[in-house]
Amino acid sequence: QAKAAGRRTIKLFDAGMQRQADRRLLIHNQLRHALGNNELLLHYQPQHMVDSGELIGVEALLRWHPPGHSMISPAEFIPIAEETDLIIDIGQWVLLEACHQFVRWEEEGVRLPQLSVNVSAKQFHHQRFVEHIHEVLSATGMEPSALNLEITESVVLGNTEDAIHKMSELKQLGINFSIDDFGTGYSSLGYLKRLPVDELKIDRSFIQDIPHDVSNMAIVEAVMAMARHLGFNVTAEGVETRQQLEFLRKQNCSFYQGFLASKPLSAEHMQRYALRYLPAELPHEGTL
Ligand code: C2E
Ligand code: MG
Ligand code: MG
Ligand code: MG
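Below is a summary of the structure that appears in this document. Worth saying up front: this structure is predicted, and the values here are computed from it rather than measured. Residue indices follow the written sequence of each chain, beginning from 1 at its first position. Naming scheme: in the order in which they are written, chains are lettered from A and ligands are numbered from 1. Local features are withheld for residues below a pLDDT of 70 in this predicted model, meaning they are given only at 70 or higher, and side-chain atom pairs are given and counted only at 80 or more; totals for whole chains, interfaces and linings count all residues. The side-chain figures draw on all heavy atoms in the structure; neither hydrogens nor water molecules are used.

Some words on the coordination of the magnesium ion (ligand 2)
Four donors placed tetrahedrally about a metal ideally form angles of 109.5 degrees, and six donors placed octahedrally ideally form angles of 90 or 180 degrees.
Stage number 1. Donor atoms are limited to N, O and S found within 2.8 Å of the metal ion, a distance that becomes 3.2 Å for Na, K and Ca. With water left out, some sites might look partial. Distances from the magnesium ion (ligand 2) to its protein donors, namely Glu59 (OE), Asn118 (OD1), Glu150 (OE) and Asp180 (OD), fall within the range 2.0 to 2.2 Å.
Stage number 2. Separation of the magnesium ion (ligand 2) from the magnesium ion (ligand 3) amounts to 3.5 Å, with Asp180 serving as a shared donor to the pair. Of this pair, Glu59 sits in strand β2 (residues 55-64) while Asn118 sits in strand β3 (residues 115-118); the two residues are 59 residues apart in sequence, bridging distant segments of the chain. Helix numbers and strand numbers start at the N terminus; a helix is a DSSP run of H or I with at least 4 residues, a strand a run of E with at least 2.

Given below as structure tokens:
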């Protein structure tokens, strides 16, 4: 009987593994055509000041709707794209599209202070990454000081010297850097003082159970204290409740994003959202 149960367990396990492998393969094969078929698009999540509520920027987030399928999450397909060089083309498309959109908004009178774009480790360490950034800036007319690149601890962990070198080069153009998902990596904290980083983004997993999870509150407090001493801004990710925002206010956390303010929005919806939050444009000269 035990033997039969064991066999059944192994069989179920195999079937699950097989399904997972099939899905990965399917995603990989379809993702290759996603760019050319216009199946990728960007949504934008607003970022606000904790104390005043002022809109201080947006984060571009990738979305994929394969024809005949439901939406596939970037949390699932980005790691698959990272296993191949697909992430290079996808990452470059994201940068170009996000900067284009930001400049288009500007032309329509919606002047956001900042645009944040996620950059994967493989994309960052690609030999032509800095060149790619130059190409995007000149193709779009994007103001480099309004561009913020979000990298994870793994970027630094993989190749610290390359990271410092490239970041310093881009920093000279005026580009800003955030460490995304801060606290979820395994890196030592020693690298932080060597990097030209402007901001830490505290991962959502540390925010979500506040005010019930006392350890998470202690972690956020410790990150805030460290950031203050090292001169970094802090953005809290995944803020969903008033209580969480209140806790962050008491911690002097500068910025937040999360469903409490808004889910990621289409470019069109983001533009309407921004119009409600930004100071109204002055009337034209003739009417003054
Ligand atoms: P991330 O960069 O940490 O982005 C934040 C994620 O948290 C987004 O998920 C966002 O929709 C979600 N989020 C924001 N506020 C809340 C909240 O209050 N509650 C909850 N439950 N979730 C919230 P999304 O869009 O599914 O993206 C997942 C991850 O995929 C991103 O995490 C990022 O690591 C990666 N990703 C997304 N777009 C890109 C991209 O263009 N390039 C690269 N390399 N990675 C990307
Ligand atoms: Mg991010
Ligand atoms: Mg993040
Ligand atoms: Mg995160």
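Quick notes on the pattern of salt bridges
Stage number 1. The term salt bridge refers to a side-chain nitrogen of Lys or Arg lying within 4 Å of a carboxyl oxygen of Asp or Glu. Throughout the structure, instances matching the rule amount to 12 salt bridges.
Stage number 2. Note that Glu135 is salt-bridged to Arg128, the shortest N-O span being 3.0 Å.
Stage number 3. Remark: exposure states derive from per-residue accessible area (1.4 Å probe, protein chains only) relative to the maximum for the residue type, with buried under 20%, exposed over 50%, and partly exposed in between. Residue class for Arg128 comes out partly exposed when judged on its relative accessible area of 31%.
Stage number 4. Measuring nitrogen to oxygen at the nearest pair gives 2.9 Å for the salt bridge that ties Arg272 to Glu268. Of the two residues, Arg272 and Glu268 both sit in helix α11 (residues 267-277), 4 residues apart, roughly one turn of that helix.
Stage number 5. Connected through shared salt-bridge partners, Glu59, Glu150 and Lys201 make up one network.

Here's the deal with the nonpolar core
Stage number 1. Core analysis: the biggest nonpolar cluster contains 84 residues, and Tyr44, Leu115 and Leu149 have the highest contact counts within it.
Stage number 2. Of all the elements, helix α3 (residues 86-107) adds the most residues to this core, at 11 residues.
Stage number 3. Apart from residues no more than four positions distant in its own chain, Leu115 is found in contact with Tyr44, Val58, Ala60, Ala98, Cys99, Phe102, Met142, Ala146, Leu147 and Asn148. For this analysis, a nonpolar core means a set of buried residues of the types Ala, Val, Leu, Ile, Met, Phe, Trp, Tyr and Cys, connected via side-chain atoms within 4.5 Å. Note on definitions: a residue-residue contact is assigned when non-hydrogen atoms from the two residues lie within 4.5 Å.

Quick notes on the packing of helix α5 (residues 129-140) against helix α7 (residues 160-173)
Stage number 1. Angles run from 0 to 180 degrees between N-to-C directions of axes, and those axes are lines fitted to C-alpha atoms, restricted for helices to the stretch in contact. Running from amino to carboxyl end, α5 crosses α7 at an angle of 20 degrees, the nearest separation of the two axes being 10 Å. With respect to each other, α5 and α7 are oriented roughly parallel. The chirality of how α5 crosses α7 is right-handed. Residues Phe129, Val130, Ile133, His134 and Leu137 of α5 touch α7, and the partners they reach there are Lys166, Glu169, Leu170 and Leu173.
Stage number 2. Residues of the contact of α5 with α7, tallied by class, amount to 6 nonpolar, 1 polar and 2 charged. Angles are sorted into four bins: roughly parallel if under 35 degrees, roughly antiparallel if over 145, roughly perpendicular if 65 to 115, and oblique for all others. Helix crossings are classified by the rotation of the near helix relative to the far one: an anticlockwise turn of less than a right angle makes the crossing left-handed, while a clockwise turn makes it right-handed. Following the grouping adopted for this structure description, the nonpolar residues are Ala, Val, Leu, Ile, Met, Phe, Trp, Tyr, Cys and Pro, the charged ones are Asp, Glu, Lys and Arg, and the polar ones are all others, Gly among them.

Thoughts on the sheet that holds strand β6 (residues 199-202)
Stage number 1. Strand pairing is defined by DSSP finding a minimum of two bridges between the two strands. Read around the barrel, 8 strands follow the order β1-β2-β3-β4-β5-β6-β7-β8 and close on themselves; strand pairing throughout is mixed.
Stage number 2. The sheet contact formed by strand β4 (residues 147-152) and strand β5 (residues 176-182) spans 5 bridges and is parallel. Within β5, the position partnered with Thr152 by the bridge is Asp180.
Stage number 3. Along the sheet face, α11 touches β1 (40-49) and β2 and points at about 20 degrees away from the line of β1.

Here we look at helix α9 (residues 214-230)
Because each turn of an α-helix spans 3.6 residues, side chains separated by three or four positions end up pointing in the same direction.
Stage number 1. The terminal C-alpha atoms of α9, which comprises 17 residues, lie 25 Å apart, in line with the 24 Å expected from a rise of 1.5 Å per residue.
Stage number 2. Listed in full, the buried residues belonging to α9 are Asn216, Met217, Val220, Val223, Met224, Met226 and Ala227.
Stage number 3. As for α9, its buried residues are in contact with β5, β6, α8 (204-207), β7 (233-236) and α10 (242-250).
Stage number 4. Under this definition, polar contacts are N or O atom pairs within 3.5 Å; protein pairs additionally need one hydrogen-donor-capable and one acceptor-capable atom, and for neighbouring residues in sequence, both atoms have to be side-chain atoms. Between a side-chain oxygen at the N-terminus of α9 and the backbone nitrogen of Ser215 the separation is 3.0 Å; the capping residue is Asp213.
Stage number 5. At the C-terminal side of α9, Gly231 shows a positive phi close to 80 degrees. In a helix, the anticipated span is given by 1.5 Å times the number of residues less one.

Considerations on the environment of Lys201
Stage number 1. Mapped onto the elements, Lys201 comes out in strand β6.
Stage number 2. A sequence separation of 32 residues divides Lys201 from Asn233, and the C-alpha atoms of the two residues are 8.6 Å apart.
Stage number 3. Leaving out residues up to four positions away in the same chain, Lys201 has contacts with Gln47, Glu59, Glu150, Ser178, Ile179, Asp180, Asp181, Phe182, Thr235, Glu237 and Gln257.
Stage number 4. Engagement of the side chain of Lys201 in a polar contact is seen with the side chain of Gln257, the distance being 2.8 Å.

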